Amino acid sequence: MPPRTVVIGVDSSTQSTKAAVTDTETGELLAVGRAAHVVNGEGGARETDPEVWWQALRDAVAAGLKESGLSASAVVGIAVAGQQHGLVTLDRTGRPLRPALLWNDTRSAPQAAALVAELGGPEAWTARTGTVPVASMTATKWRWLRENDPASAGATAFVRLPHDFLTERLAGVAATDPGDASGTCWYSTATGAYDPELLDRLGLDTSMLPEVAATGGARIGSLTEAAAGALGLPAGIAVAAGTGDNMSAAVGLGLGGAGLLDHPVLSLGTSGTVFAASRTRPASTALSGFAAADGTYLPLACTLNCTLAVDKVATLLGLHRDDATPGGEAVLLPYLDGERTPDLPTSSGLLTGLRHDTTPQQLLGAAYEGAAFTVLRALDELLLACGLDPADPEVAGRPLRLVGGGAQGRTWVETVRRLSGRPLLVPGSGELVALGAAALAASAAGYGDPVAVATRWNAKPSDTDAELPPVERDTETWERVGSVLDRAAEPLLGA
Ligand SMILES: Nc1ncnc2c1ncn2[C@@H]1O[C@H](COP(=O)(O)OP(=O)(O)O)[C@@H](O)[C@H]1O
Ligand SMILES: O=C(CO)[C@@H](O)[C@H](O)COP(=O)(O)O
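Residues numbered from 1 in each chain as written. Chains lettered and ligands numbered in written order. Predicted model: local features only at pLDDT ≥ 70, side-chain atom pairs only at ≥ 80, totals over all residues.

Looking at an unreviewed UniProt entry, one finds the protein named Xylulose kinase and attributed to Streptomyces mutomycini. As its UniProt record puts it under Catalytic activity (unreviewed entry), the protein is described as follows: "D-xylulose + ATP = D-xylulose 5-phosphate + ADP + H(+)". In UniProt, the protein has this text filed under Sequence similarities (unreviewed entry): "Belongs to the FGGY kinase family." (UniProt positions renumbered as here; feature names shortened; annotations may be inferred.)

Next comes the structure, spelled out in structure tokens:
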């Protein structure tokens, strides 16, 4: 039998890095190494030193390889999928000039509003880039930096996204992919290239930006001697362009390209995201019209407050995260970080409907309901914007794929099931982003199209995949939470 070969798929997300050591033939996750990140910032600020990500990548790869028991010589490729949108600014030598501004840093909300107005409104941005700038988008962060930290902006030789920064450390090549590039708001999903007029408006130049590879699975180079030494891997193995974390989860699920389309996905992590792979370019101001890793489309909506916000409420109440019961009359909108969907960047959390008999367990349940409602309503808006009626029984009956750390949690699964009334598919592998990155790495190492690779890997259902039939939708809670959000948005939440 030929010796086993593996690829390493890296998920560098907000809270941690995971490195999945994956069998190239079967897709089996042989081991997952992990290392935590530090996120700093008060008020609307959220920053991480990019060197923390690099160190975490090294630690996670070392831990994964050790746990797998394999020799480093078995590794034939590596790819990074990263949290989207973050602004990394580098000097001429490739050293970060300051901590990166993260996707959930809301300080650039005024710059987002100004950019929308300058181009003549949201529709102009949708037509041009696919996406209307909100505080998460990289373009707004770059403008914020120029206005608020001109010394760093002035010293910036190169601008990168989190995954580009790490890929460059691996291969010594400045490269990105259509998926992550589409979250900058200076890349056009209509032309598949950077938009020169927008770059001009922002005071950027293509020489400051990475080349956009055709797909996230393209081999953009080889692991350099320096990176090989730092990671304990063989020099010369394939390095893929990589992509954004949501795009990578889509690849890991086998969505897009020649694979399944229009299957909605809900990711429960620091962010709550909903997305569906599509061959048609979405043109709606109600969603982010991102590209997929292969340049097709990944319409997506994202909330800022999901698992981290609910865990915070559990901590405040002194409860375990699964001690929750349904919220009863209590409504809790856990917008602790401000919110992006709906666009309420200066909002904070809101609690209403308290009674003498309200229990701590109900308050925690209300936090789950508030977070789940927000992302599920975004799913309905996303479906509508894609021309699908969420109330149509055929559309409502399509299983919702549940991924991200929260999908491993009983209360998350029950809350989403009850509020959506949809059948759920919870893949046994909790690490879809890392698995997608592994498929990109395998593609770069010569194993073919990444979606086809992931589809082949997923062909054998795992014992741990869960298919949950629909339960009756809890419309009473749905309407109660929706009515509080609609009435409170303007006076209380800063809309
Ligand atoms: N068993 C579990 N039950 C509920 N939540 C979980 C469980 N395991 C992890 N999580 C949640 O998953 C989150 C991390 O998910 P992940 O998708 O890795 O996040 P990110 O990509 O944002 O770093 C944590 O905030 C944690 O609350
Ligand atoms: O901003 C978005 C999507 O547009 C987020 O989904 C980030 O990509 C961060 O993801 P997680 O750390 O929550 O996985």
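So that's the structure; there's more coming.
Counting secondary structure elements, the protein contains 17 helices and 24 strands. The C-alpha radius of gyration computed for the protein amounts to 21 Å, which stays within 12% of the reference 23 Å derived for 495 residues, consistent with globular compactness. For the C-alpha atoms alone, the extent of the protein along its principal axes is close to 65 × 55 × 40 Å. A sequence separation of at least 24 residues applies to 73% of the contacts in the protein between residues at least 6 apart. (Helix = DSSP H or I, 4+ residues; strand = E, 2+ residues; numbered from the N terminus. Rg over C-alpha atoms; globule rule 2.2 N^0.38 Å. Contact = placed C-beta atoms within 7 Å.)

Moving on, we get to the nonpolar core. The biggest cluster of nonpolar side chains holds 149 residues, and the ones touching the most others in it are Ile-8, Val-10, Ala-250 and Ala-441. Counting residues per element, this core draws most heavily on helix H12 (residues 360-385), at 14 residues. Both domains that meet at this core, namely domain 1 (6-251 + 431-458) and domain 2 (260-426 + 465-493), each give it at least three residues. Excluding residues within four positions of it along the chain, Val-10 makes contact with Thr-17, Ala-19, Leu-57, Ala-60, Ile-78, Ala-79, Val-80, Ala-81, Ala-434 and Ala-437. (Core = buried A, V, L, I, M, F, W, Y, C linked by C-beta atoms within 7 Å. Buried ≥ 20, exposed ≤ 12 C-beta atoms within 10 Å, placed from the backbone. Domains from an automatic or database assignment.)

So, on to the site of ligand 1. Around ligand 1, the structure places 16 residues, and the nearest of them are Ser-13, Gly-269, Thr-270, Gly-405 and Gly-409. Sorting elements by how many residues they give to the shell around ligand 1 places helix H11 (residues 307-317) first, with three residues. Residues of the shell around ligand 1, tallied by class, amount to two nonpolar, twelve polar and two charged. (Near = placed C-beta within 6 Å. Nonpolar A, V, L, I, M, F, W, Y, C, P; charged D, E, K, R; others polar.)

Attention shifts here to the packing of H11 against H12. Where H11 contacts H12, the axes come no closer than 9 Å and their chain directions differ by 170 degrees. Taken as axis vectors, H11 and H12 run roughly antiparallel relative to one another. Residues Ala-309, Val-310, Val-313, Ala-314 and Leu-317 of H11 form the contact with H12, whose own contacting residues are Pro-360, Leu-363, Leu-364, Ala-367, Tyr-368 and Ala-371. (Axes fitted to C-alpha atoms, helices over the stretch in contact; angles between N-to-C directions. Parallel < 35°, antiparallel > 145°, perpendicular 65-115°, else oblique.)

The next point concerns the pairing of strand E17 (residues 272-275). Residue alternation in E17 divides its side chains into two sets, Gly-272 and Val-274 and Thr-273 and Phe-275, and both sets are buried. Two elements, strand E16 (residues 265-268) and E17, share four bridges in a ladder whose sense is antiparallel. By the bridge assignment for E17, Leu-268 is matched with Gly-272. Where E16 hands over to E17, the hairpin turn is made up of three residues, counted between the paired strands. Examined bridge by bridge, E17 and strand E19 (residues 297-303) share four bridges and lie antiparallel to one another. Counterpart to Phe-275 in the pairing with E19 is Leu-300. (Pairing = 2+ DSSP bridges.)

Before going further, it helps to spend a moment on the site of ligand 2. Around ligand 2 there are 18 residues in total, and Ser-13, Thr-14, Gln-84, Gly-269 and Ser-271 lie nearest to it. The set of elements that each furnish at least two residues to the shell around ligand 2 consists of helix H10 (245-252) and E19. Among the domains, domain 1 (6-251 + 431-458) and domain 2 (260-426 + 465-493) are the pair contributing at least three residues each to the shell around ligand 2.

On to the sheet that holds strand E18 (residues 288-291). Taking strand neighbours across the sheet as the criterion, the seven strands line up as E18-E19-E17-E16-E22-E23-E24 in an open arrangement whose pairing is mixed. Both edges of this open sheet fall to E18 and strand E24 (466-468), since each of them pairs with a single strand only. Adjacent strand axes in the sheet meet at a mean angle of 25 degrees, parallel and antiparallel pairs treated alike. As defined by bridge partners, E18 adjoins E19 across four bridges and the pair is classed as antiparallel. In the sheet register, Phe-290 faces E19, and the bridge partner there is Leu-298.

A word on the UniProt feature "domain: Carbohydrate kinase FGGY C-terminal" (unreviewed entry) in the protein. If you check UniProt for "domain: Carbohydrate kinase FGGY C-terminal" (unreviewed entry), the listed places come out as residues 320-445 in our numbering. This span, residues 320-445, is 44% helix and 10% strand, and a straight line between its end C-alpha atoms measures 43 Å.

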